[in-house]
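# Coordinate inspection notes
In case you want the letters, here they are:
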Amino acid sequence: MSAPTQTLLPQGRVTPPSERTLSVRPSVADTWRQTLAMAWRALKKMRRNPEQFFDVTIQPLLFTAMFAFIFGGGLAGSVEDYLPWLIPGILAQTALTASMATGTQMREDMDKGVFDRFKSLPIARIAPLAGPMLADLIRYGIAATLTLLTGMAIGYRPGGGVLGVLGGWLLTLFAGWSLSWIFAWLGTVARSAQAVQGIGMMIMFPLTFLSNVFTDPKTMPTWLQKFVSVNPVSQVVTACRDLINNGDVTAHVLWAVLGCSIVVAIFAPLAVQSYSRKM
Amino acid sequence: MTTTELAVSAEGLVKRFGTFTAVDGVDLAVRPGEVFGVLGPNGAGKTTTLSMLATLLPIDGGRASIFGVDVASSPHQIRQLVGVTGQYASVDENLTATENLVLFGRLLGHSGPRARATAGDLLERFGLQEAATRQIKNFSGGMRRRLDLAASLIAQPPLIFLDEPTTGLDPRTRGQMWSTIRELVAGGSTILLTTQYLDEADQLADRIAVIDRGRKVAEGTPEELKTSVGDSTLHVRLSDKEQTAAAARIVERLLGEAPVLTPEAGGLTIALPDADRAADVLIGLRQASLSIATATVRQPTLDEVFMALTGHGAEQSDSPETDEEVA
């Protein structure tokens, strides 16, 4: 390593500011390209830190088998009869857990020096958030696929056919992506990655267990049924059941898609605003 | 935009963190093509000032413009004019050197081939081509800084902020960084750098602003700052240290003021009303047959300047280290 001897600037001299045209704001096309560049960075990171895949590989295998064998006999008479109820529920639960990890990892990433550079570049403020979230679709995809495969390995036969299963799979990915905006926003307001994880757990547990993931809410007290019915996770689960088990695009599917879109519409602007102002 | 426009113009910049005022009414005027040094101890508000000018922190009071563009109202334009190199290298640990530069190129809107070409070119110019495919976490501190500076040059910004570019570097790497900075200036870039090293400001900067506890306490060329503190000093070391007292009497007779003595080394530190009187002292000593080992006339060091301006040394400060927290 020696001191550079030639000129450091490719064209020899910098263009004076008076001869430059400055763009006023990034265009939609710019924003998309910058988001893709940030997603590329996130993919490179994932490849070098394979432990980022632990939650989306181990958990679907473990939870699917565990809950099927623990609750199957008691709740549905047999494991086989429980699987059509359980698998779509586990899909939604996995998406939620994985999206929480997205927020936690993003917060951790923001503490690094490279985010100072991202902030100093003339790029859309949403790109550093949207890029890693786009890349994390891969993680949700792995989680959903493994959940379905584990279910089939222990006897699940989805009645909705290939299209129904594909629909449920896509809905799971969309739900995971939408919910990750909540945790991304949390990441921009929380003090540390640990805080995101802690608060995330407090959000995640009621959302998964006070829902129809594991059992039919009819057996629950009336006040709890009310909460379960408005819980967005229940909507996604019911929609997934309709798609995967019956191949039906019911009103539940539309409600689930609408609900997830509303989550994005609320939390994406909040996250971007808080990221560009405070971080 | 005219050519006489200031590169940086800041008036009464203020930044508060809760009840603590980190930057308390700082004015800066940086001319195009110069190296402007912001000198001050840790926690003085240097990094905070730079962060506000680079749109990394909102401005709480006062106004700032860069090449005539208002910082607060046009952050996106400012980011196209300024390249920032941070106190802690702001490159991605998990990526290789090439991947880092390609990523920043892509983010700036360059095509894939162009981003890769620029990356290869910059790595070569900065002597990093052998480390191109290594992850940054395996880089030395000096290599990180160089890569960080290379990353700031992808967009070829007319104004470059260097936040403590050599803090923590060994003397050799530091020298390389200095020559790199001089080359940038030769290419027409304007540089605003912060440093807590007095010799660095002296070596590189055309003009210096001294910042202490969020306020500017002095501004000028290194020479002006040194003269503002006092006149020249003559340091004499005698061949025979037994003659120190005799020499002191001669100096006192000639100048009317007793010199500061270091008798164990045969040394006299003589404050001169003006540099020309050095000759009188040396002739006086010669006439008394006192032999001189060394004699130097010099201006006060910036260390002495800092001490005189702030009442405390440059290396210590009792204000909280806000710079680090927000960096």
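Because the structure is a prediction, the values reported are computed rather than measured. (Residues numbered from 1 in each chain as written. Chains lettered and ligands numbered in written order. Predicted model: local features only at pLDDT ≥ 70, side-chain atom pairs only at ≥ 80, totals over all residues.)

Moving on, we come to the overall build of chain B. Looking only at helices and strands, one finds 12 helices and 14 strands in chain B. Among the 327 residues that make up chain B, the fraction classed as buried is 46%. In chain B, of all internal contacts separated by at least 6 residues, the share reaching a separation of at least 24 is 69%. (Helix = DSSP H or I, 4+ residues; strand = E, 2+ residues; numbered from the N terminus. Buried ≥ 20, exposed ≤ 12 C-beta atoms within 10 Å, placed from the backbone. Contact = placed C-beta atoms within 7 Å.)

To continue, consider the overall build of chain A. What chain A contains, in helices and strands, is 11 helices and 0 strands. Start at the N end of chain A and walk to the C end: the helices and strands fall as α-α-α-α-α-α-α-α-α-α-α. Taken along its principal axes, the extent of the C-alpha atoms in chain A is 80 × 40 × 35 Å. Taken across its 279 residues, chain A has 44% of its residues classed as buried.

Residue and element names in this part refer to chain B. Ordered in space as β2-β1-β4-β5, the 4 strands form an open sheet in which the pairing is antiparallel. Pairing within the sheet leaves two strands with one partner each, and these edge strands are β2 (20-30) and β5 (69-70). Bridging between strand β1 (residues 8-17) and strand β4 (residues 61-66) involves 5 bridges; their strand directions are antiparallel. From the neighbouring strand, Val 8 faces β4, where its bridge partner is Ile 66. Its contacts with the sheet put helix α1 (residues 46-53) on β1, β2 and β4, and the angle it makes with β1 is roughly 115 degrees. (Pairing = 2+ DSSP bridges. Axes fitted to C-alpha atoms, helices over the stretch in contact; angles between N-to-C directions.)

Contacts between the two partners involve 42 residues from chain B and, on the opposite side, 37 residues from chain A. For the side of chain B that touches chain A, the elements supplying multiple residues, two or more each, are α2 (75-81), α3 (97-107), α4 (112-125) and α6 (171-186) of chain B.

A separate point is the sheet that holds strand β11 (residues 233-238) of chain B. All names here are of chain B. With respect to topology, 4 strands assemble into an open sheet ordered β12-β13-β11-β14, the strand pairing being antiparallel. Lying at the two open borders of the sheet, with one neighbouring strand each, are β12 (260-262) and β14 (292-298). The sheet shows a mean angle of 15 degrees between the axes of neighbouring strands, direction not considered. Direction of pairing for β11 relative to strand β13 (residues 267-271): antiparallel, over a ladder of 5 bridges. Opposite Arg 237, over in β13, you have Gly 267 as the bridge partner. Contacts from helix α9 (residues 244-255) reach β11, β12 and β13 within the one sheet, and its direction differs from that of β13 by about 15 degrees.

To continue, consider helix α1 (residues 28-48) of chain A. One full turn of an α-helix is made of 3.6 residues, so residues set three or four places apart face in the same direction. Between its first and last C-alpha atoms α1(A) spans 31 Å; for 21 residues at 1.5 Å apiece the expected length is 30 Å, and the two agree. Within α1(A), the full set of buried residues consists of A:Gln34, A:Thr35, A:Ala37, A:Met38, A:Ala39, A:Arg41 and A:Ala42. (Expected span 1.5 Å × (residues − 1).)

Turning to the nonpolar core, a few remarks are in order. The biggest cluster of nonpolar side chains holds 91 residues, and the ones touching the most others in it are A:Ala92, A:Ala95, A:Leu129, A:Val236, A:Cys240, B:Leu101 and B:Ala150. With sequence-adjacent residues up to four places away left out, B:Ala150 is seen in contact with B:Leu101, B:Leu122, B:Leu123 and B:Phe126. (Core = buried A, V, L, I, M, F, W, Y, C linked by C-beta atoms within 7 Å.)

Turning to the confidence of the model for chain A, a few remarks are in order. Within chain A, residue pLDDT values average 88, and 95% of them lie at 70 or more. For the stretch residues 1-6 of chain A, pLDDT sits under 50, and the model shows 10 contacts to residues farther than four places along the chain or on other chains. (pLDDT = per-residue confidence, 0-100.)

Here 6 bridges tie β11(B) to β14(B), and the two strands are oriented antiparallel to one another. For B:Leu238, the partnering residue across the bridge sits in β14(B) and is B:Ile292.

Once that is clear, we can look at unusual backbone geometry. Residue and element names in this part refer to chain B. One non-glycine residue, Arg 213, lies in positive phi territory at about 50 degrees. Within the fold, Arg 213 resides in the loop between β9 (207-212) and β10 (215-220). Its identity is not glycine, yet Ser 289 carries a phi of approximately 60 degrees, on the positive side. You can see Ser 289 is positioned in the loop between α10 (277-287) and β14. For Ser 289, a count of 8 C-beta atoms within 10 Å puts it in the exposed group.

This part is about the packing of α3(B) against helix α5 (residues 141-152) of chain B. Residues and elements named next belong to chain B. Where α3 contacts α5, the axes come no closer than 10 Å and their chain directions differ by 25 degrees. When the axes of α3 and α5 are compared, the pair comes out roughly parallel. Helix-helix and strand crossings are classified by hand; for α3 and α5 the assignment is right-handed. Of the residues in α5, those in contact with Ala 97, Asn 100, Leu 101 and Phe 104 of α3 are Leu 147, Ala 150 and Ala 151. Along the lines of polarity and charge, the residues of the contact of α3 with α5 split into 6 nonpolar, 1 polar and no charged. (Parallel < 35°, antiparallel > 145°, perpendicular 65-115°, else oblique. Left-handed = near helix turned anticlockwise from the far one by under 90°. Nonpolar A, V, L, I, M, F, W, Y, C, P; charged D, E, K, R; others polar.)

A word on the packing of helix α6 (residues 137-153) of chain A against helix α7 (residues 161-189) of chain A. All names here are of chain A. Direction vectors running N to C along α6 and α7 enclose 140 degrees, while the axes themselves pass 9 Å from each other. With respect to α7, the axis of α6 lies oblique. Both α6 and α7 take part in a crossing whose hand is right-handed. Here α6 contributes Leu 137, Tyr 140, Gly 141, Ala 144 and Leu 148 to the contact with α7, which in turn contributes Val 165, Trp 169, Thr 172, Leu 173, Gly 176 and Trp 177. Grouping the constituent residues of the contact of α6 with α7 by class yields 8 nonpolar, 3 polar and no charged.

Residue and element names in this part refer to chain B. For chain B, the average pLDDT comes to 85, and 90% of its residues sit at 70 or higher. Low pLDDT (under 50) marks residues 316-327, which in the prediction has 28 contacts with non-local residues, meaning those over four places away or in another chain. The complex prediction reports pTM at 0.80, with the ipTM value standing at 0.85.

We now examine helix α3 (residues 79-110) of chain A. Look at α3(A): 44 Å from first C-alpha to last across 32 residues, which is about the 46 Å you get at 1.5 Å a residue. The largest bend in α3(A) amounts to roughly 40 degrees and is located at A:Trp85, with the proline A:Pro88 lying one to four residues further along. (Bend = angle between axes of the 7 residues up to and from the residue.)

Residue and element names in this part refer to chain B. In β13, alternate side chains face the same way, and those of Leu 268 and Ile 270 are buried while those of Gly 267, Thr 269 and Ala 271 on the opposite face are not. Pairing analysis gives 3 bridges linking β12 to β13, with the strands arranged antiparallel. When the bridges of β13 are listed, Thr 262 appears paired with Gly 267. Where β12 folds back on β13, the antiparallel hairpin that results is connected by 4 residues, among which Gly 266 adopts a positive phi of roughly 70 degrees.

Further remarks concern the environment of A:Met38. Residues and elements named next belong to chain A. With respect to the helices and strands, the residue Met 38 is situated in helix α1. Using a count of 26 C-beta atoms within 10 Å as the deciding quantity, one classes Met 38 as buried. In the structure, Met 38 is positioned 96 residues away from Leu 134 in sequence and 8.9 Å away in space, judged by C-alpha atoms. Once residues lying within four places of it in the same chain are set aside, the contact partners of Met 38 are Ala 127, Pro 128, Gly 131 and Pro 132.

This next bit is on the environment of B:Lys226. You can see B:Lys226 is positioned in helix α8 (residues 222-229). Taking the C-alpha atoms as reference points, B:Lys226 and B:Phe67, 159 residues apart in sequence, are found 30 Å from one another.

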